[in-house]
Amino acid sequence: METVLALLSGLLTAAAVWLMLSGNLLRFLFGLLLLSNAVNLAIFAAGRLTGAAPPLLGPGGALPGHEMANALPQALLLTAIVIGFGLFAFALALTIRAWRSFGHLEVDRMRLAEPDEGEK
Amino acid sequence: MTPTDFLAICLNTGLGLIALSIALGFVRLWRGPELADRVVALDMMTSAIIGFCGLFAVRAQVEGYLDIAVALALVSFVSVVALARYAGRLARRSDQND
Amino acid sequence: MTLLAMNLLLALGYAALWGSFAPLDLAGGFVIGFVALWFGRRLAPGRGQEGPAHDRYGPRYFRVLPQVLILFVYFLKELVKSCLMVARDCIARRPRLHPAIVTFPIGPKSDLEIFVLANLITLTPGTLTLDVAKDKSHLLIHSIYAADADAVIADLRSGMEHRVREVFR
Amino acid sequence: MPSDHSAPGASRVWGYAAALISLGLAIAVAMQAQAVLGGEVLLASWAWAPSLGISLGFMLDGLSLIFALLITGIGALIFLYATGYMGDHPQFGRFVLFLFLFMLSMLGLVLARDLITLFVFWELTSVTSYLLIGFNNDQPKARRNALQALLVTGGGGLALLAGFILIGMAAGSHDLAQILASGGLQDHPLYLPILGLVLLGAFTKSAQFPFHFWLPNAMAAPTPVSAYLHSATMVKAGVYLLARLHPTLGDTAAWSGTLTAAGLLTAVMASVFALRQSDLKQALAYTTLMALGTITLFLAGGSPYALTAAITFLIVHSLYKAALFMVVGAIDHATGTREVAHLGGLRRAMPLTALAAALAAASMAGLPPMLGWIGKELLYAGAGTLPVPGLVTAGVLLANALMFAVAGIVALRPFWGQPIAPPHPPHEVGWQMLAGPLLLGVLGLGCGLAAGLLQPFVSVAVTISLDQPHAADLHLWAGLNLPFALSLATFALGTLICLARDTLRRAIAAGLARLPGFDPGWDRFLDGFRAFALWQSRLIQTGRLSHYLTATFVTLALTLGVTLILKRPVIAIALSASPLLWLIAGFTLAGAVLALVPGSRIANIAGIGTVGIGVALIFILFGAPDVATTQLMVETLSAVLFGIAMLRLPGIIERRSPRKQLLHAGIALAVGLCVTLTILAIVSHPLDRHITRFFEEGSYAQAHGLNIVNVILVDFRAFDTFGELTVVLLAAIGAYALLKRKAAGGRE
Amino acid sequence: MSWILALPILAPFLTAALAFLLRNRRGSGWVSVLGAALSLVLAVRLLLAVLEHGVIAGQMSAWPAPFGITLVADYLSAAMVLITAIISLAVAIWAMAEIGQTSTRLGWHGLFQTLIGGVSGAFLTGDLFNLYVWFEVLLISSFGLLVIGGRRQAIDGAVKYVTLNLISTVLFLCAAGLTYGATGTLNMADLHRAVAAHPDPGLMTVIAVMFMLAFGLKAAVFPLFFWLPASYHTPHFAVSAVFAGLLTKVGVYALIRSFTLIFTHDQGYTHQILLWTACLTMLSGVLGAAAQSDFRKILSFHIVSQIGYMVLGLALMSPLALMGGVFYLLHHIIVKANLFLIAGVSRRLTGSSDLYAIGGLYRSAPLLAVLFLIPAFSLAGFPPLSGFWAKYVLVRASLDAGMGLVAFVALLTGLLTIYSMTKIWAEAFWKPHPNGSWPRLSDIPARPRWLMLAPIIVLAAMTVLIGIFPQPFISFATIGAGQLLDPAAYIETVLRGRAS
Amino acid sequence: MNSLILSTGARFLVALFLVFSVYVLLRGHNAPGGGFIGGLIAACGFAIHAFASGVAEARRALRVDPRSIGTWGLICALIAGLMAGPLGAAPFQGIWAEIAGYKISSVLLFDIGVYLAVIGGVLTLIFALEDLGEEVG
Amino acid sequence: MIEVITGILALLAGGFALIAALGVLRFPDVLTRMHASSKVGSFAGALALLAAAVDIGTLSAATRAGFAILFIFLTAPIGAHLLGRAALWRRLTGRR
Ligand code: NA
Ligand code: NA
């Protein structure tokens, strides 16, 4: 099962990287979302997959008879997802601002900070 | 066949059908052609996932999955509203490029 | 009054979610529901002008309840019917679709009534409310079985609109 | 620091004060002379960085004594002179400060007992001389020359640092007293690197070929600085270092060979250049090179004669060179020019200056009974003990003859030649400017007449400090020997050169024109360096984000890929999985593909949404309802934000060429493959779940919660969550600032 | 112990919350300064505790290690926290003079404080995932600070900064998650054991390299430093200063921590990579600086170059080298932040940071000139300033290790640093202003003038002080390096010892 | 957005969202949910409000700047983390008390902090982006 | 007995979901597709939730399922209205 997730994670990563390399800020953002998902999957898979029992205790804190899913990676993932959302939201705002500032989203044409002149 | 076996088969079939319907919904999502078509597909997929959660709650015997369903039902509405607003504005705009 | 009803409903629902109707849960639900409704207090534009209508709901609350139940049962029936009809066309080799947009005139109605009506129409067979006219005089409805537009309108008027009017009368 | 706003000349007092302090220092050093001349070595040391074996240590022995006396004594005269020369300069206070710091650095350098202490002062002389050479900072030339001096000597300094560190490693200590006492390092395996690095440091500082070019350019400094730098200080630092380390590093073929070659080359080359100059100051500057070459040449040797000659000549040179620079400065000050051709007959207007010039020039020319005569005799005597005596003798002869000639040009022409009207009517300079040259001139004469007075200084330096069995004697008259004959030859040759100097100058100028110069070479080197720097900077920092991203991902793929290949972690593949999982994985992937296709942004977003949904389903499938809910919520919210934002954003066009797309696909797949392989490698080992078990057992019992994930979030790892909620808040605040900034306006 | 450790992290967040709520200019500025002062006190208290105990550790929420999140302070951490607090206070004061009303209302001071909180958290945490969280906090704060000024140039810089740092972040997250998957723990002290005990050292090396890449990107090493020179010259000078002082150092710190504590199983491979990286970083950065003509751009490239020195200390992994690396780290924070603050004053006086458009400061603002020379020459490694000792130790360590070429690179970099520092000096200070104007410090009103100059003077004094009295700092760094080289005490303290 | 159907429905939906969000927040410790999810749901509710009636109106209904809500969330979390100090416990250690059979804890306060921070954060974002959208018209 | 009811409901839910998907896929234009989505799709979800409520049988489960169903049927028509309106506008203003 982990193998499937490993493959999926790798392919999602590849798609993300391809998008990030496209030179368009919006597509970079798309890539970022995909990459976050890929990494989340990777972490999830690395935490091992053990059936469908969620890490919830029974009434009175009773441990279920069977093994529960690994709770720790889930907590990490939750944190990571929310942080990822924050970063994404900022990046989106930045994209809008860049569009308003430059009139395009082609990253290679954003040369204000490093203009193409070198030493005078 | 015991009722339990029957339930297991039905659940698995149901889950499979729902997954299939999500996949089919995805085809519409891909094809479009308009924004509204995609939103419709997304909405349909969301409904299917709500169903998925419901059946999964049965399979895992965990009520917790129903919470996903409730949350999803609420939140998917927000996304439909947002996208529909977008679609509405797009429709009133001169260029039709989405 | 509607607000109170909503608030009570929310409190009940909240307590039910906890699976316990203990006083504290109900009270908590009421408080939370109150706060929640407070946030939405400015929604539903024009509420201020419908004072009389507003009062009208109060005394009629219990009389309306059976009508609501009837509406609910009718709605369920229509919903299932609607689903089956659309489902048939979904899998039919040749769907018998006659899509058209129909204008459905409605009498003077409160916003809530229009809202309920429009939504119920959407959930019933073959019709889908697209929009409400700016002057609230008619609904714009999309029907997929509109071989005869007048029949669609008549159907709606005798069915759903009638029952909704019963509730809001 | 004195203020610039005060009346002109108000800061003269700083000049006098500095002169007095220097004098005081000189006296303080002189008071120790008795003991040092008795063979004692005065030591002082404070812990500085003891754990690194570095102390702030000082040592006064014969060698240091001579240098210290020259530095402080001449220093006092220079301050006096400077006060007369430029006391009205608006920034004279700053000037005095820099010069004083320079003097202290120089003093510290020659008194240092610890190699690192020595280096510290060494670098300080570089810094302070940088500020002094660039003192006329309005002139581009001054700035350029200051930088040149700093880079050349600073670069040498860094080599020296490495050399010192190696000496420390080889000798086990940085303490000079200890190093000198422990015998030489000539047989140590690190000897050659040490020698190379130390010589690099010394040669750059002492302007030996091929690092000589900065010294004449240092003339950009005000004349008092030149006088000081060229006579007793800066350039002598390198010579001092060579002398100081002579017992430790000297007496090998490598040492004497390198020093001989560098010294000889420098001396001869400087001679040639000196003749070409028509500016008095420049001509003098080249004779400094000549002298430094000569001293270096004699430090190559290991005989008492050679070393005595080196030390004596060093003293001689310090005395007359300081005096002559001051004289030239006085001429400049009085007439407004330093061009030989524009000067003549100043004797009448400036008699005292003329006297000082005559005395100093006589010493420089090596005329008896000046100290210069003794120095020259010793040079000829010592030349015979050097590795290639014939060549050395010839070289020294040529150098001396040229010094004779230059002395004539500098001293005779302006004062005794035909009177020529200079830009300003000449007048005698003030006492401050006369004291120095006169005193030094007289000193040159006095030491010559009473060579015995100087003898103990030189002897102690040569025998104790340089570890020689005995020093040669300083005589005015050593008999009719070879040196005497060579002296006569020197005078004859010098007179000839002096007479034929115009012809020579033309010939040399014509010859040199064809040769590449070092100074333009420096500019070309610096330009080349800048071009190279710019090239590499542009190569790497292109300003294009897509290049950065490509480079980053290529680095990731390469580093991870190579590591995976080299380290070969165990990888287990188990493809058995439920059809449901395969189905979900399939359409998740399809979603990713949809996200790739350009054209409709909404389609892309929908594709991403599909991926999110698929991933959420996987979370559901494997028992992670909290994660799944959060994932779905976040996906939805992302879609909402996209939906809101999208109207403000332009459509997407694929601008990459198919080839580039293919390349990027290759990079992307490589990165993806690395991720896949790493995950597979990880899951091929069992997971140690003891931490999770702790949570499972403690979740209710100790933390009162049934939802373990939530308990982890708000209790077990609440600290993480605290950071996380901050991130959400900050992201929002940041985005708000980003979107609202323009509308908000206001001054920034 | 846990409070002594937690408070330096939490105090800036409290300050930030108050600053966010206040929003108006004076108020939030003062809150920020007072909060920074409080942080300084807390940092000193932490340092004293560390000096007393060597290593201290505390468990958040009182859950024992390795289950709960550990905060640990050894010499290095405590010193980094203290320096962070110092820089924080200096910049907070400086910012009072420079940060305008709009930026203040948009939350500048709060973002600044959360940045400091994130940095302190990163220095103190003993948990890998917690480190990730603090990285995020400081990253998102830095995003906000970068763009808050609203200049178009800053937006461009931010695009590059944000995109590349996001990649680093995701990589770090991935590495952290995979580390858990491979070892079953996230506690860094526990990881030391787990990594060493893992049956597949090759896999551990792969993960180590992943961290190296993630932290390397943060630390701006060759060839991953693009984002730094692309953005550091674009925001407020106060922002540049705090970025220059602290941000990349967090990356370096993380590199040092992870490659002395966690991944020491294959030093032949990992530290070899680090060595090459260090040399190339030094050279590439300093060459980049030589090609620039903007005050801040030169300084930015120098950050890259000097990161190389610090990584060199780690790569050589000898007591002396690590000591040099630690010393360099501490010295560089002070010096670099100060140089950016000085650049800010220069910009305020001359109206630009383009070296060809400014000048004359030597004559008209001699105090500033002196204040510039101190950190500039310190940066170039001139004795007896702090930078000299840092450079000396690293060169000596290289030569000790028999690596003449490395020592040569380090020295050459030093020489080229002199080149560009003197370039700034010659152009901005010596050369007359192209307009012929003589901008004086006294042209700035007294309050902002001294708000700006006071921190600069104090930081410059520290540079001189460290240079003249290096021994306490060297001793400190030596003990710190010893703790890094032999993490037994660290591990003992976290897993069994005084953890409370 | 100008839709009668939406704005009428929103009245009830917003309330539903908020009630449900509080429910999810409070029960998070024992079942799926918690501050994040609750906060996201509540924020979605206000988003609906904003869509239905416009940002200005939603802001007015909210009364407080969403950034301040978020900041108060941060303060809640800080208090929850710091309140252990006077009681001699470790930072962020759970402090539990029972009032009328209901468990009250610093952990809950912490989760409320998360809840508020998420609401504040997401609303700040949505409102900022919405204002931008309104500009276009 | 409960198992059988649940099973049948599950099958129905899956079936209706598939049918909704087919409708969305096959119907000729967006307005017709919306019929399939907002009715059949919602119905399928509701059936699955009902199955859960029936099978688990606790009050809280039933309430949650009820809440979810309520949300679905409350939101579906509103969403459809907004979307339909937008599609209509597009039909009126945009290219065909
Ligand atoms: Na629906
Ligand atoms: Na829906």
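Our subject is the structure that appears above.
Keep in mind it's a predicted model, so treat the numbers as computed, not measured. (Residues numbered from 1 in each chain as written. Chains lettered and ligands numbered in written order. Predicted model: local features only at pLDDT ≥ 70, side-chain atom pairs only at ≥ 80, totals over all residues. Heavy atoms only, no water.)

Asker: Explain the side chain of N165 of chain E to me, using residue names and the numbers behind them.
Answerer: Looking at where N165 of chain E falls in the secondary structure, it is placed in helix α7 (residues 152-183). If we ignore the near neighbours within four places in the chain, the residues touching N165 of chain E are L139, F143, K218 and W227 of chain E. (Helix = DSSP H or I, 4+ residues; strand = E, 2+ residues; numbered from the N terminus. Contact = heavy atoms within 4.5 Å.)

Asker: If you had to explain a nonpolar patch on the surface to someone new, which residues and values would you point to?
Answerer: Residues and elements named next belong to chain C. There is a patch of nonpolar side chains on the surface, built from L8, F30, V31, F34, V35 and W38 and spanning about 520 Å² of accessible area. Here the nonpolar patch takes 5 residues from helix α2 (residues 23-39), the largest share from any one element. With respect to the element layout, F34 can be found in helix α2. (Patch = residues over 30% accessible without salt bridge, like charges linked within 9 Å, V, L, I, M, F, W, Y side chains within 5 Å. Areas by Shrake-Rupley, 256 points an atom, 1.4 Å probe, with all protein chains shown as cover. Salt bridge = Lys/Arg side-chain N within 4 Å of Asp/Glu carboxyl O.)

Asker: Run through the arrangement of the chains, naming residues and quoting values.
Answerer: If you rank the 13 pairs of chains in contact by how many contacts each has, first place goes to chains D and E. The closest approach of any C-alpha atom in chain C to one in chain D is 15 Å; the two make no contact. With no contact between them, chain E and chain G keep their nearest C-alpha atoms 32 Å apart.

Asker: Can you tell me about the sheet that holds strand β3 (residues 138-143) of chain C, naming the residues and giving the values?
Answerer: The 3 strands lie next to each other as β1-β3-β2 (chain C), forming an open sheet whose pairing is antiparallel. Pairing within the sheet leaves two strands with one partner each, and these edge strands are β1 (100-105) and β2 (127-132) of chain C. Neighbouring strand axes in the sheet, compared pairwise and without regard to direction, differ in orientation by 30 degrees on average. For β2 of chain C and β3 of chain C, the ladder comprises 5 bridges, and the chain directions are antiparallel. Counted as the bridge partner of T129 of chain C is I141 of chain C from β3 of chain C. Sitting on the sheet, helix α3 (residues 59-93) of chain G touches β1, β2 and β3 of chain C, and the angle it makes with β2 of chain C is about 70 degrees. (Pairing = 2+ DSSP bridges. Axes fitted to C-alpha atoms, helices over the stretch in contact; angles between N-to-C directions.)

Asker: Residues and numbers for the interface of chain D and chain E, please.
Answerer: The figure often quoted for interface size is the accessible area lost as the parts come together. Facing 104 residues of chain D, the contacting portion of chain E comprises 117 residues. A combined buried area of about 9600 Å² lies between chain D and chain E, and 74% of that area is made up of carbon and sulfur atoms. Linking chain D to chain E there are 3 salt bridges. Its salt-bridge partner being K567 of chain D, residue D266 of chain E comes within 2.7 Å of it at the nearest N-O pair. Counting across the interface, chain D meets chain E through 19 residue pairs in polar contact (both at pLDDT 80 or more). (Buried area = accessible area lost by both parts, 1.4 Å probe. Polar contact = N/O pair within 3.5 Å; in protein donor to acceptor, adjacent residues only side chain to side chain.)

Asker: Describe in detail the interface of chain B and chain D, supporting the description with residues and values.
Answerer: With 33 residues of chain B at the contact, the number on the chain D side is 34 residues. Summing both partners gives a buried area of about 3000 Å² for chain B against chain D, and 81% of it is carried by carbon and sulfur. Here chain B is connected to chain D by 3 residue pairs in polar contact (both at pLDDT 80 or more). With 13 residues, the single largest contributor to the side of chain B that touches chain D is helix α3 (residues 64-91) of chain B. Here the side of chain B that touches chain D is built from residues that sort into 25 nonpolar, 4 polar and 4 charged. (Nonpolar A, V, L, I, M, F, W, Y, C, P; charged D, E, K, R; others polar.)

Asker: Explain the packing of helix α1 (residues 2-20) of chain A against helix α24 (residues 579-596) of chain D to me, and be specific about the residues and the numbers.
Answerer: Across the interface, α1 of chain A lies against α24 of chain D with an axial gap of 10 Å and an inter-helix angle of 5 degrees. By the angle class used here, α1 of chain A and α24 of chain D are roughly parallel. Across the interface between the two elements, V4, L5, L8, L11, L12, A15, W18 and L19 of chain A from α1 of chain A touch L581, W582, A585, T588, L589, A592, A595 and L596 of chain D from α24 of chain D. Classifying every residue of the contact of α1 of chain A with α24 of chain D gives 15 nonpolar, 1 polar and no charged. (Parallel < 35°, antiparallel > 145°, perpendicular 65-115°, else oblique.)

Asker: Residue-level account of the pairing of β2 of chain C, with values.
Answerer: As a general feature of sheets, a regular strand has side chains that alternate between the two faces. Burial analysis of β2 of chain C places 6 of its 6 residues in the buried class, the great majority of the element. Counting the residues in the hairpin turn of β2 of chain C and β3 of chain C gives 5 residues, including K136 of chain C, whose phi is positive at 60 degrees. (Buried < 20%, exposed > 50% of the residue type's maximum accessible area, 1.4 Å probe, protein only.)

Asker: Which residues make up the side chain of T84 of chain E, and what values go with them?
Answerer: In this fold, T84 of chain E is placed in helix α3 (residues 75-98). Judged by its relative accessible area of 0%, T84 of chain E falls in the buried class.

Asker: Go over the pattern of salt bridges with me, naming the residues and quoting the values.
Answerer: Under the definition given, this model contains 35 salt bridges over all chains. Between D131 of chain C and R85 of chain G there is a salt bridge, and its shortest N-O distance comes to 3.8 Å. A residue pair is termed interchain when its members come from two chains, as with D131 of chain C in strand β2 and R85 of chain G in helix α3. Just as D131 of chain C is buried, R85 of chain G falls in that class too. For D332 of chain D, the salt bridge identified is with R338 of chain D, shortest N-O distance 3.4 Å. Within the structure, one salt-bridge network assembled from shared partners comprises E63 and D67 of chain B, R27 of chain F together with R64 of chain G.

Asker: Lay out unusual backbone geometry in plain terms, naming residues and giving numbers.
Answerer: Of note, the amide linkage connecting F222 of chain E to P223 of chain E takes the cis form, showing an omega dihedral of -10 degrees. Positionally, P223 of chain E belongs in the loop between α9 (201-219) and α10 (227-231). Residue P384 of chain E is reached from P383 of chain E by a cis peptide bond, and omega for that bond is -5 degrees. Examined against the element boundaries, P384 of chain E turns out to sit in the loop between α16 (366-379) and α17 (386-400). A positive phi is found at D251 of chain D, a non-glycine position, where the angle reads about 60 degrees. As for its position among the elements, D251 of chain D is in the loop between α11 (235-249) and α12 (253-276). Despite not being glycine, A62 of chain E shows a phi value in the positive range, around 65 degrees. In this structure A62 of chain E comes out as partly exposed when scored by relative accessible area, which is 36%.

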